[in-house]
Amino acid sequence: MSALAASGFIGGYRLNLTPSEPLGLWRIEELQRPVAIGDLVFLCPPMTATFTEAWRRGYLRRGLCAGGFAPLIKTVAALPGQHVQITDHVLIDGRSVPASSVWGRDGEGRMLSPDPGGVVPPHSLFLHSSFASSYDSRYFGPVPDSGLLGLARPVLTFDP
């Protein structure tokens, strides 16, 4: 069983156990072009106090990224140079992002602080998930593109 799991990991297969995207088996596909808006990607979050707190609250799973975090599966919503405005929802370059409501509290009633928004810095990505309770760049802001692992491709998934 361990050999099978190791083979799957080396082959780029990952289990998604969070509701931000369908549950199940996914594969990391090498990105052979520049990342684009709308790409569904695997990305390792940076080792910051924000992500440590997110892990402590249960927003992130343990995994093999730096800091012991599991990679995120999110959609690229904005690229460097684009302007992000966060109010009760997200606007990118003045256009409303569908399913981007911003909440003041999480499911357990704990305070959530939205990112202040602004221009996405060089070598960074603004990530989004249409899942209402997703922990994404609405709250943690743009993330370094150095954590980009590749495109996220479903293999065997289901919506709960």
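You'll find the structure just up there.
Within each chain, residues carry numbers counting from 1 in the order of the written sequence. Local features in this predicted model are restricted to residues of pLDDT 70 or higher, and side-chain atom pairs are both shown and tallied only at a pLDDT of 80 or more, whereas totals for entire chains, interfaces and linings draw on every residue. Computation of side-chain values: all heavy atoms of the structure, hydrogens and water removed.

## With respect to the state of the cysteines
Disulfides are defined as pairs of cysteine sulfur atoms found within 2.5 Å of each other. Inspection of the entire model under this criterion finds 1 disulfide. Between the sulfur atoms of Cys 44 and its disulfide partner Cys 65 the distance amounts to 2.0 Å. One disulfide, between Cys 44 and Cys 65, carries an S-S torsion of -70 degrees and so falls in the left-handed class. Of this pair, Cys 44 sits in the loop between β3 (40-43) and α2 (49-57) while Cys 65 sits in the loop between α2 and β4 (72-78), placing them 21 residues apart in sequence. Strands are runs of DSSP state E lasting at least two residues, helices are runs of H or I lasting at least four, and both sets are numbered from the N terminus onward.

## Brief notes about the nonpolar core
As used here, the term nonpolar core means buried Ala, Val, Leu, Ile, Met, Phe, Trp, Tyr and Cys residues forming a set that is joined through side-chain atoms within 4.5 Å. Using a 1.4 Å probe on the protein chains alone, a residue whose accessible area is under 20% of its type maximum counts as buried, one over 50% counts as exposed, and one in between counts as partly exposed. Membership of the largest hydrophobic core comes to 27 residues, with the highest contact counts inside it found for Phe 51, Val 84, Val 90, Ile 92, Phe 126 and Leu 127. For this core, the secondary structure elements donating two or more residues are β3, α2, β4, β5 (83-86), β6 (90-92), β9 (124-128) and α3 (137-140). Looking at this core element by element, the count peaks at 4 residues for β4. What makes two residues a contact is simply this: any of their non-hydrogen atoms within 4.5 Å. Once residues within four sequence positions are removed from consideration, Phe 51 is found in contact with Pro 45, Pro 46, Leu 60, Phe 69, Leu 72, Tyr 135, Phe 140 and Val 143.

## Some words on the layout of surface pockets
In this model, the largest pocket occupies a volume close to 990 Å³. Space inside and on the surface of the protein is sampled on a 1 Å grid over the protein atoms alone, with a cavity defined as a set of points where a 1.4 Å probe fits but cannot get out and a pocket as an open set with protein on both sides within 12 Å along at least 5 of 7 lines; lining residues have an atom within 4 Å of a point. If you go around the largest pocket, you meet 43 residues; those closest to its centre are Asn 16, Thr 18, Tyr 59, Leu 60 and Arg 61. Elements with a contribution of two residues or more to the lining of the largest pocket: α1 (2-10), β1 (13-16), β2 (23-29) and β4. The element contributing the most residues to the lining of the largest pocket is β1, with 4 residues. Ten residue types, Ala, Val, Leu, Ile, Met, Phe, Trp, Tyr, Cys and Pro, are classed as nonpolar, four, Asp, Glu, Lys and Arg, as charged, and the remainder, Gly among them, as polar. Here the lining of the largest pocket is composed, by residue class, of 24 nonpolar, 9 polar and 10 charged. Grid points are joined across faces, edges and corners, and a volume is the space filled by probe spheres set on the points.

## Some details on the pairing of β9
Burial within β9 is extensive, with 5 of its 5 residues counted as buried. Residues of β9 alternate between two faces, with Ser 124, Phe 126 and His 128 on one and Leu 125 and Leu 127 on the opposite face, all of them buried. One bridge is not enough; two strands pair if DSSP finds at least two bridges between them. Across 3 bridges, the pairing between β4 and β9 is antiparallel. Opposite Val 76, over in β9, you have Leu 127 as the bridge partner. Sheet topology note: the β9/strand β10 (residues 143-144) ladder contains 2 bridges and is antiparallel.

## Some points on unusual backbone geometry
The phi dihedral of Asp 93 falls on the positive side, at around 50 degrees, and the residue is not glycine. Structurally, Asp 93 can be placed in the loop between β6 and β7 (95-96). Owing to a relative accessible area of 46%, Asp 93 belongs among the partly exposed residues under this scheme.

## Quick notes on the packing of aromatic side chains
For this analysis, a ring pair means two rings from Phe, Tyr or Trp (six-membered ring only for Trp) whose centres lie within 6.5 Å, classed as stacked if their planes differ by under 30 degrees, edge-to-face if by over 60, and tilted for the remaining angles. All told, the structure shown has 6 aromatic pairs when counted by the stated rule. Here Phe 51 and Phe 140 contribute two aromatic rings whose centre-to-centre distance is 4.8 Å and whose plane-to-plane angle is 50 degrees, an arrangement assigned as tilted. Of the two residues, Phe 51 is situated in helix α2 and Phe 140 in helix α3; the sequence distance between them amounts to 89 residues. Phe 51 gets classed as buried once you look at its relative accessible area, which sits at 2%. Relative to Tyr 135, the ring of Tyr 59 lies with its centre 4.8 Å away and its plane at 40 degrees, an arrangement referred to as tilted. Taken as a pair, Tyr 59 in the loop between α2 and β4 and Tyr 135 in the loop between β9 and α3 lie far apart in primary sequence, 76 residues in all. Note on Tyr 59: relative accessible area 21%, which makes it partly exposed.

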